[in-house]
Amino acid sequence: MKHWLEKRISQLRWRLRAMVLLYTASVLVGVTLAAAMLLGLLDYWLRFDDPGLRIIALLAFAGAIAWAGYRCAKVAGGAEIPDVHLAAFLEKHFPELQDRLASAIEFLRQPDDDPLAGSAALRRAVIQQTAAQAAAIRFDRVLDRRWTLRAAARAALVVLLAAALVAADPTAAGIAVARLVHPLAPVSWPQRTHLVLRRHTPRVAMGQAFEVEVAAAEGTQLPPDVLIYYRFQSPDGTYTVQAEPMRRIGDVMVARRDNVTSDFAYRVEGGGDRSMDWLAGQVGAPAALMSLYVEVLTSEYTWWRLGVL
């Protein structure tokens with residue numbers, strides 16, 4: 001059966017373990033949720049669909065969790081202190097123990113008939129005197145709970161913020177999590193922009209300019225940046241794609257390509273709208289005057305005035 005001093009030391013260790021458990025849980029929960037929210041919000045704002053960027057986001061998320069786990073493991077390892085070392089730590093904070101607590105704990109582990117341990121009566125006297133001095137001391141005063149409470153408070157704030165974001169838009173929260181943990185899955189954000197062609201010329205005369213205007217569908221907003229892609233086919237059958245930014249004029253985006261000399265295809269992307277198919281642009285021969293026929297009709301009165309009649 002454990003001595004009263006050993007029970008006091010064990011109680012202190014259990015309280016220390018509880019503090020460490022609360023700290024590690026708070027750090028892990030706080031860092032995990034904070035990293036997920038930050039990366040999810042970035043994805044929500046930027047809408048990056050490049051698989052490489054999504055994999056980098058997942059690696060950053062895993063790195064944040066690994067860092068939190070490493071830090072928690074170090075703290076948890078520091079809580080596993082042997083009784084004698086914990087007693088020595090208490091002696092430093094409570095001088096009234098007169099450096100006897102560690103010795104008393106060691107004496108309690110030694111049998112009375114141990115010939116190498118010295119006088120059994122002296123050991124019992126040290127144990128009794130130390131127990132009497134320790135009775136008036138609260139060992140838990142050495143525990144600094146501030147760092148644990150701060151970690152718990154931060155984790156609680158992060159949890160509340162995460163709950164608020166989920167409550168505000170559960171669908172977006174689910175999409176953000178799915179895109180984060182499955183970067184190669186075909187999970188896309190709903191379109192915020194729908195682009196429509198307002199004016200375009202699918203047939204262009206050789207050497208003339210091609211122009212197109214794009215507007216936002218009713219109920220949506222025109223994004224600040226819209227790109228038009230041109231696709232040209234080479235003589236060997238390969239394709240070359242060129243991208244150019246469109247210029248905003250009023251409530252439309254305008255693109256112009258001068259001196260078009262070959263057939264091409266084009267499509268427009270902007271905001272979250274990447275659904276437009278390739279549209280064909282054909283180049284034809286310019287209009288030419290092949291022949292001219294002039295017929296002049298006159299009246300008898302006209303000839304009379306000219307002196308012909």
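The notes below deal with the structure included here. Because the structure is a prediction, the values reported are computed rather than measured.

## Here's the deal with the pairing of strand E3 (residues 210-216)
The element E3 is extensively covered by neighbouring structure, given that five of its seven residues are classed as buried. Relative to strand E7 (residues 252-257), E3 is paired through five bridges, and the arrangement is antiparallel. Looking at the pairing, Val 212 lines up with Ala 255 of E7.

## What about the sheet that holds E7?
Strand order in the open sheet formed by four strands is E1-E3-E7-E6, with antiparallel pairing between adjacent strands. The sheet terminates laterally at strand E1 (195-200) and strand E6 (247-249), the two strands that pair on one side only. If you compare each strand with its neighbour and ignore which way they point, the axes differ by 35° on average. For E1 and E3, the ladder comprises five bridges, and the chain directions are antiparallel. Bridge pairing in E3 places His 200 opposite Val 212.

## Focus on a nonpolar patch on the surface
Nonpolar side chains collect at one region of the surface, where Leu 38, Leu 42, Trp 45 and Leu 46 lie side by side and expose about 440 Å² of accessible area between them. When you line up the elements, Trp 45 lands in helix H1 (residues 4-46).

## A short note on empty space enclosed by the protein
Under the counting rule described, the total for this entry stands at one cavity of 30 Å³ or more. Of the voids in this model, the largest cavity is the one considered here, and its volume is about 60 Å³. Sorting the residues of the lining of the largest cavity by element identifies H1, helix H2 (51-79) and helix H7 (170-181) as the ones contributing at least two each. Its residues assigned to classes, the lining of the largest cavity comprises five nonpolar, one polar and three charged.

## Notes on the pattern of salt bridges
Throughout the structure, instances matching the rule amount to six salt bridges. With a shortest N-O distance of 3.6 Å, Asp 251 and Arg 198 are connected by a salt bridge. Taken together, the residues span a long stretch of sequence, with Asp 251 in the loop between E6 and E7 and Arg 198 in strand E1 at a distance of 53 residues. You can call Asp 251 partly exposed: its relative accessible area is 48%.

## Details of unusual backbone geometry
Although it is not a glycine, Arg 47 adopts a positive phi angle of roughly 55°. Relative to the assigned elements, Arg 47 resides in the loop between H1 and H2. Unusually for a residue other than glycine, Asn 259 sits at a positive phi of about 55°.

Each value, and the rule that gives it
Residues numbered from 1 in each chain as written. Predicted model: local features only at pLDDT ≥ 70, side-chain atom pairs only at ≥ 80, totals over all residues. Heavy atoms only, no water. Buried < 20%, exposed > 50% of the residue type's maximum accessible area, 1.4 Å probe, protein only. Helix = DSSP H or I, 4+ residues; strand = E, 2+ residues; numbered from the N terminus. Pairing = 2+ DSSP bridges. Axes fitted to C-alpha atoms, helices over the stretch in contact; angles between N-to-C directions. Patch = residues over 30% accessible without salt bridge, like charges linked within 9 Å, V, L, I, M, F, W, Y side chains within 5 Å. Areas by Shrake-Rupley, 256 points an atom, 1.4 Å probe, with all protein chains shown as cover. Salt bridge = Lys/Arg side-chain N within 4 Å of Asp/Glu carboxyl O. 1 Å grid on protein atoms, 1.4 Å probe; cavity = no way out; pocket = protein on both sides within 12 Å on 5 of 7 lines; lining within 4 Å. Points joined across faces, edges and corners; volume = space filled by probe spheres on them. Nonpolar A, V, L, I, M, F, W, Y, C, P; charged D, E, K, R; others polar.

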